[in-house]
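One-letter residues, chain by chain:
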Amino acid sequence: MNRYNQHAGPIGIFDSGYGGLTILENIRQLMPEYDYIYLGDNARTPYGTRSFEIVYEFTLQAVSKLFEYGCQLVILACNTASAKALRSIQQNDLPVIAPDRRVLGVIRPTVEALGNITHTGKIGILGTTGTIQSYSYPLEIKKLYPQYEVFGEACPMWVPLVENNEHRSPGADYFVHQYINRLMMQCPDIDTVILGCTHYPLLLDKIKKYLPEGVIPLSQGNLVADSLKDYLHRHPEIEKRCTKNASCRFLTTESPQKFSAAASLFLHEAVDVSRIVLE
């Protein structure tokens, strides 16, 4: 039984924090005509160190809230939520609470791009501890490209560097260099590195600086945006229920002032934000 109304509404973008704003920015650049709602669960971030059960619980609360705001389609612009909650929500919850609505993640679009990029078939993953420990990327890669080898390295210091506006500092170089070295030591033939966290594009200049020559860092924003555009083209029944007034609304579970200040790092503009409660 669908508990939500059937009216058209915005596209929902959810992240545990601010990193999903990099996904939102790319989607809006590609498809500016649509309406969007961005929801950051900033009061309970980070998700990367939390259990599967808690990430699933929190993510389902956020998806349900975005459905209440009329969203017909929700993008989990968070690698941890995509890794730990997406499948359960798609398979177990949507058929019960909203069979006509859709929830998509960021892992699959990223993995699909690999076939056009890698030459060695040796893939590196840099991500949060939760994303690396979930093995979601290796599992998804094996489904599409069983011949590829995958190597992962958790980068627990990178998100705090970004969210504390230290990602341009000399101190950030140490941690970027350290984690990249650890990854490349696992396999020197890695030629493609997935940046498996939506915060990492803000570190892209330093990542490029320390990756060996010829190794390609794969950032998610453009890939997810292209995939979403393709999805809407292939699913006109969903697309026609996405409103188009070129608007964007921001919601946070933390302080609106704090969110607005941090959002300027990612979007390079001031935003109006409302505080909500998830439960």
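Residues numbered from 1 in each chain as written. Predicted model: local features only at pLDDT ≥ 70, side-chain atom pairs only at ≥ 80, totals over all residues. Heavy atoms only, no water.

Draft legend 1. A look at the overall build of the protein. Looking only at helices and strands, the protein features 13 helices and 10 strands. For 279 residues, the compact-globule estimate of 2.2 N^0.38 gives 19 Å, and the protein sits close to it at 18 Å. Along the first, second and third principal axes, the C-alpha atoms of the protein reach 55 × 40 × 35 Å. Of all 279 residues assigned to the protein, the portion counted as buried reaches 58%. Carbon and sulfur atoms form 51% of the exposed surface of the protein, whose accessible area is close to 12200 Å². In the protein, 26 side chains carry a positive charge and 29 a negative one; their mean positions are 3 Å apart. (Helix = DSSP H or I, 4+ residues; strand = E, 2+ residues; numbered from the N terminus. Rg over C-alpha atoms; globule rule 2.2 N^0.38 Å. Buried < 20%, exposed > 50% of the residue type's maximum accessible area, 1.4 Å probe, protein only. Areas by Shrake-Rupley, 256 points an atom, 1.4 Å probe, with all protein chains shown as cover. Lys, Arg positive; Asp, Glu negative; His and termini not counted. Charge placed at Lys NZ, Arg CZ, Asp CG, Glu CD.)

Draft legend 2. Just the sheet that holds strand S3 (residues 73-76), in detail. Taken in spatial order, the six strands line up as S4-S3-S1-S2-S9-S10 in an open sheet, and their pairing is parallel. Only two strands of the sheet have a single neighbouring strand rather than two, namely strand S4 (102-104) and strand S10 (273-275). Geometrically, the sheet is characterised by an average inter-axis angle of 20° between neighbouring strands, direction not taken into account. Pairing of strand S9 (residues 248-252) with S10 involves three bridges; the strand directions are parallel. Counterpart to Phe 250 in the pairing with S10 is Val 273. (Pairing = 2+ DSSP bridges. Axes fitted to C-alpha atoms, helices over the stretch in contact; angles between N-to-C directions.)

Draft legend 3. Examining the sheet that holds strand S5 (residues 122-127) more closely. The strand order S6-S5-S7-S8 describes an open sheet built from four strands, whose pairing is parallel. Two strands lie at the open edges of the sheet, namely strand S6 (149-154) and strand S8 (216-218), each paired on one side alone. When strand polarity is set aside, the average angle formed by the axes of neighbouring strands in this sheet is 25°. Here S5 runs beside S6; their pairing, made up of six bridges, is parallel. Bridging from a neighbouring strand, Lys 122 pairs with Glu 149 of S6.

Draft legend 4. Region of interest: the packing of helix H1 (residues 20-30) against helix H11 (residues 221-234). Relative orientation of the contacting elements H1 and H11 amounts to 50°, with a least axis distance of 8 Å. With respect to their mutual orientation, H1 and H11 come out oblique. The handedness of the crossing between H1 and H11 comes out as right-handed. For the pair H1 and H11, the contacting residues are Thr 22, Ile 23, Asn 26, Ile 27 and Leu 30 in the first and Gly 221, Asn 222, Val 224, Ala 225, Asp 226, Leu 228 and Lys 229 in the second. For the contact of H1 with H11, the residue count by class is six nonpolar, four polar and two charged. (Parallel < 35°, antiparallel > 145°, perpendicular 65-115°, else oblique. Left-handed = near helix turned anticlockwise from the far one by under 90°. Contact = heavy atoms within 4.5 Å. Nonpolar A, V, L, I, M, F, W, Y, C, P; charged D, E, K, R; others polar.)

Draft legend 5. Quick look at the side chain of Asp 191. Residue position: Asp 191 is located in the loop between helix H9 (170-186) and strand S7 (192-196). Lys 122 provides the closest opposite charge to the buried, unpaired Asp 191, separated from it by 8.7 Å. Polar contacts involving the side chain of Asp 191 include one to the side chain of Thr 118, which spans 2.7 Å. In this view, Asp 191 contacts Thr 118, His 119, Thr 120, Lys 122, Gly 214, Val 215 and Ile 216; residues no more than four positions away in its chain are not counted. (Salt bridge = Lys/Arg side-chain N within 4 Å of Asp/Glu carboxyl O. Polar contact = N/O pair within 3.5 Å; in protein donor to acceptor, adjacent residues only side chain to side chain.)

Any functional reading would require information beyond the geometric quantities listed.
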